[in-house]
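Residues per chain are reported as follows:
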Amino acid sequence: AVAPGGHFSLGQSLVILGDLISRLQSFRIHYTDEGILPRELLFEMEGLRFPTVYAMSGWDVYLLLLFLFHAIVALSLSLGYRTRLSCLLAWYLTVSLQERCFMANNGGDRILATILFWGMFLPWGERLSIDSLARKEEPGEPSEVRSAATAILVGQPILVYLISVFHKVEPTWLRGEVLHYALQSDFYAYPMAF
């Protein structure tokens, strides 16, 4: 059971904003037609698995305005303004951004998208939000929400960690050689690695 409120949506909004700031650092390389995955190549490779608004244009200005709109939606979600609609838009824009350059994603991106998806079915705007102030309701005793969405939302991190344990039960991990191999990889190694 999860108590409804604005804490969770605020946390997800901060993650979205951090993700957007991080992706802006490689904006032209990953999201424009001048980068590593122009839209023409994206459509040829496997087609779009998701109708992404980020693939509608490869023009810098369009994409920057879309990033700005995405940030505004995240702020709206953090404030609890039209929370359910904000969550829906945040989910759609986040998945759209991830699908535009799927090579730049990691496991955390999918977790964020999943949390936003199930958040659409939870009463995130019930407490600590503009929506709750607009209703002018007196805050009562915190209630709990029991639903499939809360079960999945609470169970998801547990499942992620259990699955990661299964991937680590093999000789390289058990002998402790993983750190050596990780430091030898150009992808993970930094100048201090030896």
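Being a predicted model, the structure only gives us computed values, none of them experimental.

1. Here we look at the packing of aromatic side chains
Within this structure, the stated rule accounts for 7 aromatic pairs. With a centroid separation of 5.7 Å and 85° between ring planes, the pair formed by Tyr54 and Phe67 is classed as edge-to-face. Residue Tyr54 is located in the loop between α3 (39–45) and α4 (60–79), and its partner Phe67 is located in helix α4; the two are separated by 13 residues in the primary sequence. Residue Tyr54 shares its accessibility class with Phe67, and that shared class is buried.

2. Some details on helix α8 (residues 148–167)
Under the 1.5 Å per step criterion, the end-to-end length of α8 is 27 Å for 20 residues, consistent within 8% with the ideal 28 Å. Of all the bends in α8, the greatest, near 35°, is centred on Gly155, and the proline Pro157 appears no more than four residues after it. By the burial criterion, the buried members of α8 are Ala149, Thr150, Leu153 and Gln156.

Calculation rules
All residue numbers here refer to positions counted from 1 along the written sequence of the relevant chain. In keeping with the model being predicted, local features are shown solely for residues with a pLDDT of at least 70 and side-chain atom pairs are shown and tallied solely at 80 or more, while totals for entire chains, interfaces and linings include all residues. Hydrogen atoms and water are omitted, and side-chain values are computed over all heavy atoms in the structure. Each Phe, Tyr or Trp ring (for Trp, its six-membered ring) is paired with any other whose centre lies within 6.5 Å, and the angle between the two planes then decides the class: stacked below 30 degrees, edge-to-face above 60, tilted in between. Runs of E in the DSSP output that reach at least two residues are strands. Runs of H or I that reach at least four are helices, and both are numbered from the N terminus. Each residue's exposure class comes from its accessible area (1.4 Å probe, protein chains only) as a fraction of the maximum for that residue type: buried when under 20%, exposed when over 50%, partly exposed otherwise. Residue count minus one, scaled by 1.5 Å, sets the expected span of a helix. Throughout, the bend at a residue refers to the angle made by two axes, fitted to the seven residues ending there and to the seven starting there.

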